[in-house]
Each structure stands twice: as structure tokens, then as C-alpha cells.
Amino acid sequence: MFDRESLILRPELLQTGFIPERILFRDEQINKLVTTFSPILRGYQPKDIVMLGKSNTGKTIVANRILKDLREKVNHKTTDLEIIDTSYSIVFSPERAIQNVIYRITNDDAIYETELNEQQLVSKLIDILETKEMSLLIVDHSVPGKKSKDYLKLLFDAQAFLQTRNTNVFVFFLLIIDSNIENWQIDDNYITIFFSPYSKKEVEKIVFDRKDAFREGAISDEIIKKCIMAVPNSISEIFSLLLDATIIAESKNANSVTNEHIDNLLKTRKAESIMGIINMLPPAQRIVLLIIATLSSEKKEVHTSDIYNKYVSLCEKENIKALSKPRISQIIGGFEETGILTRKVSYEGIPGRLSIITLNIQSEYLREMLNEVSKIE
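Not measured: the values here are computed from a predicted model.

Caption draft 1: Layout of the overall build of the chain. Each helix and strand counted, the chain has 13 helices and 8 strands in total. Relative to a compact globule of 377 residues, whose C-alpha radius of gyration would be 21 Å, the chain shows 26 Å and is clearly more extended. Principal-axis analysis of the C-alpha atoms gives the chain an extent of 75 × 60 × 40 Å. Residues counted as buried form 42% of the 377 residues belonging to the chain.

Written out as C-alpha cells, the structure reads:
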């Protein structure tokens, strides 16, 4: 039993943190990053860098590859440069970002309890750097686009403040920002490196380039393409799907990954995703979703008006103040955005129009999940 050969020979090729020797389709971005960072090794301050693009366009993997090489060269040359690699949290703010940097340098979490404002935090950071006689490269991953401008301003303020002092210490940054390229205004104060979305052919090439992760015959090209089609906009999710499907196949003592393994895994993931959404819903929205599930099991065609009428009737029965019809329509729109349902507008039966609601998950299964959440609470 334990002598059975694994279907996966190199699981690290499918893991999120893996950095390949050659990063496909990103030569231009890598060359620009290397050129911009080169002055560091001669003791000079380089230009600041913003890496810009939507999620899953290769920003992080390119940054990690270059930073890995940079750390090795900096250590070899004993340059007094500290590279602080941080990530934003859900509660991102410029102040929190500077606090994160200070904590990474000092390892003192008391910084999070202070009531220092932005400028005071910047001043404290500069004092620390001068005391330690070190320069600093701030690397911040996945900065939300909407808050990036405030963060950039704060970093520029830190650099301007440092220039007023007679010191050889300098601060520069590499920010990885998730944002549409089209909406970004180029600023001459820093180098902007753009990452366009991968094409369908490029995604396929990147995924097949790591087929060596599997034992020969363990997974077919058709299965790999099916995984690509399932999550076409996320290379990391494709690798995760392939890895999990292979683990399932091994647990079933199968010699290869089959369509059944993929289909079952996709159903499980979809259910987990919907359960996560349901857990986050306020009670009023769960009521609306339960009404949709109930009507879908009773009727062939469910209209928005049916949902609202059933909702109002329930509120009257339970003596609950009902939400307005536009608000219910907004809630249904939110369910559509998450993929729980599809809303189709029909202009038959003039005057007016009908919104036909179709669940993308079995109504009985959805009701079971809603009831399960209610039991937990």
C-alpha cells in the first residue's frame, strides 16, 4: 500500500510560492526592474518603482524573483540595505503600512498601540534608520489601487524629510498595486512597470510548462485544459485545482486524474464558496435567498416580483419591517455578482419588463446550506 508510486513527482511546481528559473512572457518587466535596481549595488539610491496590473498578471512572481537575486548580491557586498517585504491587510491604510515597516525593523509590536499620526510615524522611521545607519527598500505587495495614491504621497514625504538631514541613508520603495492599467496616471517621480493580463495561449503555455510536476500518464492534456477552462483568469487557482484533483485521485487509488475527480472537486469548491458567502450575509439577505430557493423548487420560472411579494408576505406574518422593492432588487443583484444566481431581463408581456431569476445551484442544496448556517448561529 505504501509502495504505491505517487502521481505527483514535484508538488512544489504547483505551489503558490514557487519561482521558476525562467518566468514566461515577462522579459520586458524583468529587464526594466533589474535596470532600475542596479544603482543599489554601487551604493546609490535608485528610482522608486510601481508594478501595476490586475491580479494574476505575474507581478508578485517577478518581484519575488528579482528580490531573491538582489538579497543575495546585497549580502555578498555587505551593503547596509534592509529589504522589508510586507503585505497589506484588509484594514490597509498608509499609517498601518508604515507601522508594519517599523515593526519589521524593530520587532517591537508596541508601534501598533501608539497614536502617532502619519508624519510622526515617518519621522520615527527615519530616526530608526539613522540610528541603525541603514538604507531601506520597502516592498509592499497587493496595495489596493484606491488607496495607493495616499500611500505614495506618504512615502514621498518620507524621502523629502530624509533629504533635509545630513545623512547617507536613503529610502526607496517597490509597490505592487492591483489596478487597471487604463485608469492609472503615469508619474515621473517613479518608474511604472505595467503588467497586462495574460492571453489564453500564454496561460496555457505557462501551465503546460509545469507538467513535469506529474508522473508520466498521471494527467492528460485534456484534463489540464479542463482545469484552465474552469478558472481561466487565475494561474495560481489552476495549479491549486490540478494539485487537489491529483491528491483526490491518489486517495481513490486511481492511476490518473479523471473528469470525475475534477467535476467533484469543482462542485465541492463551489459549495464551499457559496457557504462562505452565506456566512457573511446579514439576516435580511439570507431571508431573500431562502425565498428564492423555495420559489425555485416550487416554480419553473421565478420573477423578481414573485420574490418581493413572498418577502413582504413573510415580513407581515412575522411583524418585521420590510425592505423596499429597489433594495430587494439590489440584494438580488449582489447574489448575481457572486454567481449564486443569474438574472435575465425579458421584455415579453409589454408594458414593462420581467426579471427572470435562475439559481446556479440546486435549490434544495442551497436551502440545506442556509439551514445549516442558522443551526450554527
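Alright, that's what it looks like, and here's the rest.
Caption draft 2: Spatial organisation of the sheet that holds strand E7 (residues 341-346). Pairing within the open sheet is antiparallel, and its 3 strands lie in the order E6-E8-E7. Edge positions in the sheet fall to strand E6 (302-303) and E7, since each has one partner strand and no second. Contacts between helix H12 (residues 325-338) and the sheet are confined to E7 and strand E8 (354-359), with E7 contributing the most and set at about 120° to the helix.

Caption draft 3: Highlighting the pattern of salt bridges. Applying the stated rule across the entire model yields 16 salt bridges. Salt-bridge contacts for Asp306 lead to Lys299; the nearest nitrogen and oxygen are separated by 2.8 Å. Linked through salt bridges whose partners overlap, the residues forming this network are Glu21, Arg65 and Asp69.

Caption draft 4: Representation of the packing of helix H3 (residues 94-106) against helix H4 (residues 118-132). H4 packs onto H3 with a crossing angle of 20° between their chain directions and a minimal axis gap of 10 Å. Taken together, the axes of H3 and H4 lie roughly parallel to each other. Note that H3 runs across H4; the crossing there is left-handed. Every residue of H4 that contacts H3 at Pro94, Glu95, Ile98, Gln99, Val101, Ile102, Ile105 and Thr106 is listed here: Glu118, Leu121, Val122, Lys124, Leu125, Ile128, Leu129 and Lys132.

Caption draft 5: A look at the side chain of Ser135. You can see Ser135 is positioned in strand E3 (residues 135-144). Looking at Ser135, its side chain comes within polar contact range of the main-chain nitrogen of Phe170, at 3.1 Å. When residues no more than four places from it in sequence are discounted, the contact partners of Ser135 are Asp80, Leu81, Glu82, Asn168, Val169 and Phe170.

Caption draft 6: Layout of the packing of aromatic side chains. According to the stated counting rule, one finds 6 aromatic pairs in the structure shown. Pairing Phe37 with Phe172 gives two aromatic rings, centres 6.2 Å apart and planes at 70°, and the pair type is edge-to-face. With a gap of 135 residues between them, Phe37 in helix H1 (residues 27-37) and Phe172 in strand E4 (residues 171-178) connect regions that are remote in the sequence. Taken individually, Phe37 and Phe172 each receive the classification buried, so the pair is uniform in this respect. Taken together, the ring pairs in this structure connect Phe37, Phe170 and Phe172 into an aromatic cluster. Over the face of the ring belonging to Trp184 we find Lys149, whose NZ or CZ atom lies 4.0 Å from the ring centre.

Caption draft 7: The arrangement of the packing of helix H11 (residues 304-318) against H12 in detail. It is at 10 Å that the axes of H11 and H12 come closest, and there the two elements cross at 120°. Taken together, H11 and H12 sit at an angle that is classed as oblique. The handedness of the crossing between H11 and H12 comes out as right-handed. Here Thr304, Ile307, Tyr308 and Tyr311 of H11 come into contact with H12, specifically with Lys325, Ile328 and Ile332. Residues that form the contact of H11 with H12 fall into these classes: 5 nonpolar, 1 polar and 1 charged.

Caption draft 8: Summary view of the nonpolar core. Among the nonpolar cores identified, the biggest contains 32 residues, and Val50, Ile105, Leu129, Leu136, Ile138, Tyr151 and Leu175 are the most heavily contacted of them. Of all elements in the fold, only strand E1 (48-53), H3, H4, E3, helix H5 (145-163) and E4 reach the threshold of two or more residues within this core. Discounting residues that sit within four places of it in the chain, Leu136 has contacts with Leu81, Glu82, Ile84, Val101, Ile105, Leu125, Leu129, Phe170, Val171 and Phe172. Counting residues in each nonpolar core, the second largest holds 30 residues, with Tyr198, Ile219, Ile223 and Ala249 among its members.

Caption draft 9: Representation of the pairing of E4. Among the 8 residues that make up E4, 7 are buried, leaving the element largely enclosed by the rest of the structure. Here E1 pairs with E4 via 5 bridges, running parallel. Paired with Leu52 across the bridge in E4 is Ile177. Strand direction decides the pairing type here: E3 and E4, joined by 7 bridges, are parallel. Bridging from a neighbouring strand, Pro144 pairs with Asp178 of E4.

Cut-offs used in this document
Residues numbered from 1 in each chain as written. Predicted model: local features only at pLDDT ≥ 70, side-chain atom pairs only at ≥ 80, totals over all residues. Heavy atoms only, no water. Helix = DSSP H or I, 4+ residues; strand = E, 2+ residues; numbered from the N terminus. Rg over C-alpha atoms; globule rule 2.2 N^0.38 Å. Buried < 20%, exposed > 50% of the residue type's maximum accessible area, 1.4 Å probe, protein only. Pairing = 2+ DSSP bridges. Contact = heavy atoms within 4.5 Å. Axes fitted to C-alpha atoms, helices over the stretch in contact; angles between N-to-C directions. Salt bridge = Lys/Arg side-chain N within 4 Å of Asp/Glu carboxyl O. Parallel < 35°, antiparallel > 145°, perpendicular 65-115°, else oblique. Left-handed = near helix turned anticlockwise from the far one by under 90°. Polar contact = N/O pair within 3.5 Å; in protein donor to acceptor, adjacent residues only side chain to side chain. Phe/Tyr/Trp six-rings, centres within 6.5 Å; stacked < 30°, edge-to-face > 60°. Lys NZ or Arg CZ within 6 Å of the ring centre and 35° of its normal. Nonpolar A, V, L, I, M, F, W, Y, C, P; charged D, E, K, R; others polar. Core = buried A, V, L, I, M, F, W, Y, C linked by side-chain atoms within 4.5 Å.

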